[in-house]
Amino acid sequence: MNRKKANFFLLLQLFVTFTALFLCLGLNLKKLGNYFRPLGYRYEDAWLVVLDFQHLQDEKKLEFSRLIQQKLRAVKEIELVSATEVIPFQQWGNEEKITYNKQTSKALGFEVDENYSKVLGIKLVEGRWFTEKDYVLNAIPVVLTKDLAERDFKQGSPIGKTILIGDKPALIIGVSEAVRENTGADLNPGFFIPLKTAATSYLLKSKNTDNFQLLEDQIRKTINSVGASEILIRQNISLTLVKKYAQKTDYIQLSITLLVFAFLLINVFLGISGVFSYNLSKRKAEVGLRVTMGASPADILKQFLLESIVLTTLGILPGLLIAIQMLIMQYLDAYYGTLSILGAALFLYLLMLSCAFYPSLKAARLNPSDALHEE
Amino acid sequence: MIQLSNIEKVYRTKTIETTALNHINLNINKGEFVAIMGPSGCGKSTLLNIMGLLDTPTAGSIEIANQPVTSLSRKRLATFRNLKLGFIFQSYHLINDLSVIDNVELPLLYRKGISGAERRKRALVALEKVGLSARTKHYPNQLSGGQRQRVAIARAIIGNPEILLADEPTGNLDSAMGEEVMNLMLHLNKIDGTTIVMVTHDEHMAKKTQRIIHFFDGQQVS
């Protein structure tokens, strides 16, 4: 293997590592940043009940659903009940087409009831939440999330304006704070509309969050008291626990990614160190010559470290072009994409310098008369 | 110019002790052209390395250009070598990845306060002196042995050293090219007044110098 060949492998390794590092950072940095952003709701005193109506007919489902809600409201420990198919950390909205002023865009539709905002403490920025009275209107009452309002209604307030959801008219009656599905999720513009079908999930706001066992028992007894053997309780837990389970999956994924990545980096470190040491071992005579010509040990160290910086720059250059192209094509968020480029480049420079330092130091300490005879 | 007093060089391993130089006392005057001769392994090259500050003696002291150098740090030794000494080797020791002119410029890279343009100018002058000004952009592997050695001489003289140390400079060359290189060194000694110490096996070349020192078994015999 000659020096050019060895350098080619080094450059190839640098290019692949930079690209992998950039992609890994690009995909995970944003998620990490999301952990520090508000969710837009409170989950701490909310409780989740998910039922399975099995093969019950729609009419029966609606009837039982209403009855269950009524009975749950009567439980002393429960302050509020919301029937919904939108459950934080577990099941989020569906993508819908919305049209305003002949401009069509996409947003997440959240089918919830009139109590949803109260149960989760979702704050309104302007307007109001829908009530049962709104259900009889010709247009669907809709509450936009703040990010959707900002995206689609740049000039003025959207309150009182009519949009199309799919092909159905909807009247905007309020704007709420932006909400996110879970701690790592991106902000996704969305809107709240009344639930049309029988709910199988219920979010409850409890009065006493300390005694979870009691609450769980009360809920189970209440649902069983309806007397429908077809109804099964799938979930009966606090939303805090739902969040914990969801995060556990996130942490496992992150840990696996980090482990794989650490393993790759160790390989890359060993690979680069090996190639660099090999290259320098083939240049002992050159080191001897340079020292003979007047290079000090510091000059030799500086030369090889500088060479490692030049090699790193050459190696990451094609990767950098790919990364910039990805940012231009908007495959990655501009802020986090730029941060990922800088992070990946900085990391590789440090990695390369640390790989180069020891062999360079060894070269700088060579005895020139011995080194000259290494050719 | 070069004063060696009681120089001793001993190579030690766990089991063997080899004396390469045994109590060498040598004085080389300014402007002198001296040849060092002797059989292989007699310590000629070791002596040249010690004179060139590339190796340290086990005992004894060295003075070059009226300056004691034995206790200088590696950094100061490097600066001293760069300013005062020029080296020519049997196997040329050119860097194949660098062009002829870049090879010649090398010593000036380690000298402070010399601009790139100045380096280039001085490299051209040095190459002109050795008759290779038309080969500046060539690479070492595109040159003959004699041309390579002339590039090495240009590199050795670019910094205007007071002393040239040549380790069998004609050893790898045929007689015609060897003659050419020898004449060049004689010219440098005569015209520029450079002190030259040359290690050689070639009696014919040695006879052209002002003084021949013979070595045997690490000792100066004449």
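Quantities reported herein were computed from a predicted structural model and do not represent experimental measurements.

Asks: I would appreciate a short explanation of the overall build of chain B in the present structure.
Replies: Assigned secondary structure in chain B consists of seven helices and ten strands. Relative to its length of 222 residues, chain B is compact, with a C-alpha radius of gyration of 17 Å against a globular reference of 17 Å. With respect to the three principal axes, the spread of C-alpha positions in chain B is 50 × 40 × 35 Å. In chain B, which comprises 222 residues, the share counted as buried stands at 51%. The contacts in chain B between residues at least 6 apart in sequence include a share of 72% that link residues at least 24 apart. Accessible area for chain B stands at about 10,200 Å²; split by element, carbon and sulfur atoms hold 47% of it. Side-chain charges in chain B split into 26 positive and 20 negative, and the spacing between the mean points of these groups amounts to 7 Å.

Asks: Would you take a moment to explain the packing of helix 8 (residues 297–328) of chain A against helix 9 (residues 334–364) of chain A for this structure?
Replies: Helix packing geometry: the angle between the two helix axes and the distance between the axes. Residue and element names in this part refer to chain A. Where helix 8 contacts helix 9, the axes come no closer than 8 Å and their chain directions differ by 155 degrees. Classified by the angle between their axes, helix 8 and helix 9 sit roughly antiparallel to one another. Crossing geometry of helix 8 relative to helix 9 is assigned as right-handed. When its residues are assigned to classes, the contact of helix 8 with helix 9 shows 24 nonpolar, six polar and no charged.

Asks: What's the story with empty space enclosed by the protein in this structure? I'm lost.
Replies: Any empty space left between the atoms is revealed when a probe the size of a water molecule rolls over them. Residue and element names in this part refer to chain B. Tallied over the entire structure, the rule returns two cavities of 30 Å³ or more. Considering only enclosed or pocket space, the largest cavity measures out at about 80 Å³ in volume. Around the largest cavity sit 16 residues that line it, and Asn82, Leu85, Gly86, Pro107 and Ala156 are the ones nearest its centre. Elements with a minimum of two residues in the lining of the largest cavity: helix 2 (74–84), strand 6 (85–89) and helix 5 (145–157). When grouped by side-chain class, the residues that make up the lining of the largest cavity number eight nonpolar, five polar and three charged. As a volume, the second largest cavity reaches approximately 60 Å³. Taken together, the residues of the lining of the second largest cavity sort by class into five nonpolar, two polar and one charged.

Asks: Just to check I follow, could you spell out the sheet that holds strand 2 (residues 78–84) of chain A for this structure?
Replies: All names here are of chain A. Sheet architecture is open: four strands sit in the order 2-10-1-11, paired in antiparallel fashion. Taken across any chain shown, the strands that pair with only one partner, and hence form the sheet edges, are strand 2 and strand 11 (232–238). Between one strand and the next, the sheet's axes are offset by a mean angle of 20 degrees, whatever the strand orientation. The pairing of strand 1 (residues 46–52) with strand 11 spans six bridges and is classified as antiparallel.

Asks: Can you help me understand the pairing of strand 7 (residues 162–165) of chain A in this one?
Replies: The two faces of the sheet receive side chains in turn, since in a regular strand these alternate between them. Residues and elements named next belong to chain A. Residues of strand 7 alternate between two faces, with Ile163 and Ile165 buried on one and Thr162 and Leu164 left unburied on the opposite face. Judged from the two bridges that link them, strand 3 (residues 94–100) and strand 7 form a sheet pairing that is antiparallel. Counterpart to Thr99 in the pairing with strand 7 is Leu164. Alignment of strand 7 against strand 8 (residues 168–176), held across four bridges, turns out to be antiparallel. Its bridge partner being in strand 8, Ile163 is matched across the sheet by Ala170.

Asks: Teacher, can you tell me more about the interface of chain A and chain B here?
Replies: Reports often express the size of an interface as the amount of accessible area lost when the parts come together. Each side of the interface is counted separately: chain A has 21 residues, and chain B has 20 residues. Approximately 1,800 Å² of surface area, both sides summed, lies buried where chain A meets chain B, with 58% of it carried by carbon and sulfur atoms. Where chain A meets chain B, there are six residue pairs in polar contact (both at pLDDT 80 or more). Every element with two or more residues in the side of chain A that touches chain B is listed here: helix 7 (284–292), helix 8 and helix 10 (368–371) of chain A. Of all the elements, helix 7 of chain A adds the most residues to the side of chain A that touches chain B, at five residues.

Asks: Just to check I follow, could you spell out the sheet that holds strand 6 of chain B for this structure?
Replies: The strands making up a sheet are joined through hydrogen bonds of the backbone, oriented either antiparallel or parallel. All names here are of chain B. Read from one edge of the open sheet, six strands run 6-7-8-3-9-10, paired in mixed fashion. A strand with exactly one partner marks an edge of an open sheet, and here the two such strands are strand 6 and strand 10 (219–220). This element, helix 5, spans strand 6 and strand 7 (163–167) of the sheet and lies at about 170 degrees to strand 6.

Asks: What's the story with the confidence of the model for chain B in this structure? I'm lost.
Replies: Should pLDDT be low for a region, the predicted coordinates there are not to be read in detail. Residue and element names in this part refer to chain B. Scored by pLDDT, chain B comes out at a mean of 90, with 100% of its residues at no less than 70. Across chain B, the element-wise mean pLDDT spans from 83 in strand 10 up to 95 in helix 3 (residues 100–109). Of the two predicted TM-score estimates for the complex, the pTM is 0.73 and the ipTM is 0.90.

Asks: Is there a simple way to explain the layout of surface pockets in this structure?
Replies: The calculated volume of the largest pocket comes to roughly 560 Å³. Forming the walls of the largest pocket are 24 residues, and the residues nearest its centre are Arg66(A), Glu114(A), Tyr135(A), Leu195(A) and Lys196(A). At the level of secondary structure, the elements contributing two or more residues to the lining of the largest pocket comprise helix 2 (58–73), strand 6 (140–145) and strand 9 (190–194) of chain A. Top contributing element to the lining of the largest pocket by residue count: helix 2 of chain A, with five residues. Looking at the lining of the largest pocket, its residues break down into 13 nonpolar, four polar and seven charged. If you add up the space inside the second largest pocket, you get close to 420 Å³. In this structure, the second largest pocket is lined by 18 residues; those nearest its centre are Ser296(A), Asp299(A), Leu109(B), Tyr110(B) and Arg111(B). Mapped onto the lining of the second largest pocket, the elements with two or more residues apiece are helix 8 of chain A together with helix 2 of chain B. Tallying contributions element by element places helix 8 of chain A first for the lining of the second largest pocket, with six residues. Per-class residue counts for the lining of the second largest pocket are six nonpolar, five polar and seven charged.

What counts, and where the lines are drawn
- Residues numbered from 1 in each chain as written.
- Chains lettered and ligands numbered in written order.
- Predicted model: local features only at pLDDT ≥ 70, side-chain atom pairs only at ≥ 80, totals over all residues.
- Heavy atoms only, no water.
- Helix = DSSP H or I, 4+ residues; strand = E, 2+ residues; numbered from the N terminus.
- Rg over C-alpha atoms; globule rule 2.2 N^0.38 Å.
- Buried < 20%, exposed > 50% of the residue type's maximum accessible area, 1.4 Å probe, protein only.
- Contact = heavy atoms within 4.5 Å.
- Areas by Shrake-Rupley, 256 points an atom, 1.4 Å probe, with all protein chains shown as cover.
- Lys, Arg positive; Asp, Glu negative; His and termini not counted.
- Charge placed at Lys NZ, Arg CZ, Asp CG, Glu CD.
- Axes fitted to C-alpha atoms, helices over the stretch in contact; angles between N-to-C directions.
- Parallel < 35°, antiparallel > 145°, perpendicular 65-115°, else oblique.
- Left-handed = near helix turned anticlockwise from the far one by under 90°.
- Nonpolar A, V, L, I, M, F, W, Y, C, P; charged D, E, K, R; others polar.
- 1 Å grid on protein atoms, 1.4 Å probe; cavity = no way out; pocket = protein on both sides within 12 Å on 5 of 7 lines; lining within 4 Å.
- Points joined across faces, edges and corners; volume = space filled by probe spheres on them.
- Pairing = 2+ DSSP bridges.
- Buried area = accessible area lost by both parts, 1.4 Å probe.
- Polar contact = N/O pair within 3.5 Å; in protein donor to acceptor, adjacent residues only side chain to side chain.
- pLDDT = per-residue confidence, 0-100.

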